[in-house]
Amino acid sequence: MTTLVVAALASEAAYVPAGIPLAITGIGKVEAASATALAISRHAPSRIVNIGTAGALRSGLRGIHLPSLAVNHDLDAPSIRALGAEAIDEIAIEDGDGTVLATGDRFVSDPMVRDVLAQRASLVDMEGFAVARTAAVMDVPVRLVKVVSDAADESALEWPQVVDRCARQLGDWLRTNL
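Residues numbered from 1 in each chain as written. Predicted model: local features only at pLDDT ≥ 70, side-chain atom pairs only at ≥ 80, totals over all residues. Heavy atoms only, no water.

Trainee: Looking at this structure, how should I read the pairing of strand 7 (residues 100-103)?
Mentor: Consecutive side chains along a regular strand alternate between the two faces of the sheet. Neither face of strand 7 is left uncovered, since the one carrying V100 and A102 and the one carrying L101 and T103 both have all their residues buried. Alignment of strand 5 (residues 69-72) against strand 7, held across 4 bridges, turns out to be parallel. Among the inter-strand pairings, N72 is bridged to a residue of strand 7, identified as T103. Judged from the 3 bridges that link them, strand 7 and strand 8 (residues 123-125) form a sheet pairing that is parallel. Within the sheet, the bridge partner assigned to L101 lies in strand 8 and is L123. (Buried < 20%, exposed > 50% of the residue type's maximum accessible area, 1.4 Å probe, protein only. Helix = DSSP H or I, 4+ residues; strand = E, 2+ residues; numbered from the N terminus. Pairing = 2+ DSSP bridges.)

So this is what it looks like as structure tokens:
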């Protein structure tokens, strides 16, 4: 079984075990989708593991989470559907832990935005949905592995100071679970 690890930034993937294929996508949904598609075509993996940091939308969330659902939070799916077009804004992930990950191109550091998103999800990031959607389209199983880095409020601006700690947790998860 060939596992491809996908991360937005090299700093999040700093402790990926040697020998595991790794794709660094860049930040945001477009970058994540295009880089994931390219990596799938190059590596032909039997599964993808998307690792990265996420903001907690609800108090008390810490550590590693394996989302069961990824939602595209900044897509106006109802309006697109009203026009008669298909709009996929949710991807179910098998064997997750029940958490819901909201993905969007907006960096969430505003408590008001966080509180709105918390009505629908427990975590927020900028790539997970895009990686999951690309994997689904290309018929490759995916696992999302997100570590809480902040509370999706002003603390999100401290991300550069906590990313190494988060990357170590992600590396430990990979060593234990792959």
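After that view, the rundown keeps rolling.
Trainee: Help me understand the environment of V6 in this model?
Mentor: Checked against the element boundaries, V6 lands in strand 1 (residues 3-7). Taking the C-alpha atoms as reference, V6 lies 6.2 Å from I51; in sequence the two are 45 residues apart. Beyond its immediate sequence surroundings of up to four residues, V6 is in contact with A23, T25, T36, I48, V49, N50, I51 and V131. (Contact = heavy atoms within 4.5 Å.)

Trainee: Looking at this model, I keep getting lost on the nonpolar core. Mind explaining?
Mentor: For soluble globular proteins, the rule of thumb is that nonpolar side chains tend to be buried together. One finds L4, V6, I48, I93, V131, V142 and L144 to be the most contacted residues of the largest nonpolar core, which totals 23 residues. For this core, the secondary-structure elements that each account for two or more residues are strand 1, helix 1 (29-43), strand 3 (47-56), helix 4 (128-137) and strand 9 (142-150). With 5 residues, the single largest contributor to this core is helix 4. Those residues within four positions of V131 in sequence are excluded, and the remaining contacts are V6, A32, T36, I48, N50 and V142. Membership of the second largest hydrophobic core comes to 14 residues, among which are V16, V145, W173 and L174. (Core = buried A, V, L, I, M, F, W, Y, C linked by side-chain atoms within 4.5 Å.)

Trainee: Looking at this structure, I do not really get the pattern of salt bridges. What am I missing?
Mentor: A pair can form between side chains of opposite charge whenever their charged atoms are brought close. Tallying each qualifying case throughout the model produces 8 salt bridges. Linking R120 and D89 is a salt bridge whose minimum nitrogen-to-oxygen distance equals 3.7 Å. Note that R120 is positioned in the loop between helix 3 (111-117) and strand 8 and D89 in the loop between helix 2 (77-82) and strand 6 (90-92), a separation of 31 residues in sequence. For R120, a relative accessible area of 37% corresponds to the partly exposed category. What makes D89 buried here is its relative accessible area of 12%. What you see here is one network of salt bridges that share partners, running through R81, D89 and R120. (Salt bridge = Lys/Arg side-chain N within 4 Å of Asp/Glu carboxyl O.)

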